[in-house]
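Coordinate inspection notes
Okay, here's what each chain looks like letter by letter:
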Amino acid sequence: MKRKKKEEELINSRERLVAGSFLGRTGHVDGKLSDARFHYPKGIALDDKGNVYVADTQNMAIRKIGDAGVTTIAGGKSNVAGYRDGPGEDAKLSNDFDVVYIRPTCSLLVIDRGNAALRQIFLNQEDCNYQSSSISLTGLNSKSLFGMFG
């Protein structure tokens, strides 16, 4: 009986393409989910609204998959790895990083291994479906711990 149920679950479960190319085409293209291109997406994070943030490592970009499709929220303007804080696509990342959603601060923590740095991106408040009070990083100087993208 258990085996039959497992077989039914396997038959009823289906993989589906969320965004990008099912043909394995790489690149850096924002837009509709089916038109978007990634190059070695390595890690993801999910916010309270259900948006997916992708560490698109070979594009050195952080991408957002949401209702509007795929957009680049940081990095990706340059094809050269580096370290530069700044607004949106002007920021530079290494090609070895990951992202983690931090709910209390409505932000992404970027673990930028290639630059030996922890960086923080503050998200749009509407992507965080909760009321938050100010969070204090006790004993830490937040400017020295986090590089801000803007």
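Check the entry above for the structure.
Below, the structure is looked at part by part. Since the structure is predicted, the reported quantities are computational estimates derived from the model, not experimental observations. (Residues numbered from 1 in each chain as written. Predicted model: local features only at pLDDT ≥ 70, side-chain atom pairs only at ≥ 80, totals over all residues. Heavy atoms only, no water.)

**Some thoughts on the pairing of strand β7 (residues 117-122)**
Alignment of strand β6 (residues 107-112) against β7, held across 6 bridges, turns out to be antiparallel. Considered in β7, the bridge of S107 is made with F122. Turn length for the β6-β7 hairpin, with the two strands adjacent in sequence and antiparallel, is 4 residues, and the turn residue A116 shows positive phi of about 50°. (Pairing = 2+ DSSP bridges. Helix = DSSP H or I, 4+ residues; strand = E, 2+ residues; numbered from the N terminus.)

**A look at the side chain of T72**
Assignment of secondary structure puts T72 in strand β4 (residues 69-75). The exposure class assigned to T72 is buried, which follows from its relative accessible area of 14%. Within the structure, the side chain of T72 is placed 2.7 Å from the side chain of H28, a separation counted as a polar contact. Reaching out from T72, the side chain makes a polar contact with the side chain of D30 at a distance of 3.0 Å. In this structure, T72 is in contact with H28, D30, A61, I62, R63 and E89, ignoring residues within four places of it in sequence. (Buried < 20%, exposed > 50% of the residue type's maximum accessible area, 1.4 Å probe, protein only. Polar contact = N/O pair within 3.5 Å; in protein donor to acceptor, adjacent residues only side chain to side chain. Contact = heavy atoms within 4.5 Å.)

**Section: the side chain of N51**
Among the structural elements, N51 can be located in the loop between β1 (41-46) and β2 (52-56). Classification of N51 as buried rests on a relative accessible area of 7%. Apart from residues lying up to four places away in sequence, N51 is in contact with A45, L46, K64, I65, G66, D67 and D127.

**A closer look at the environment of G50**
Mapped onto the secondary structure, G50 falls in the loop between β1 and β2. Considered as a pair, G50 and D127 are 77 residues apart in the sequence and their alpha carbons are 8.2 Å apart.

**Section: the packing of aromatic side chains**
Overall, the coordinates contain 0 aromatic pairs when judged by the stated rule. Directly above the aromatic system of F38 lies the positively charged group of R63, at a separation of 4.7 Å from the ring centroid. In this structure, R119 packs its charged tip against the face of Y83, placed 4.1 Å from the ring centre. (Phe/Tyr/Trp six-rings, centres within 6.5 Å; stacked < 30°, edge-to-face > 60°. Lys NZ or Arg CZ within 6 Å of the ring centre and 35° of its normal.)

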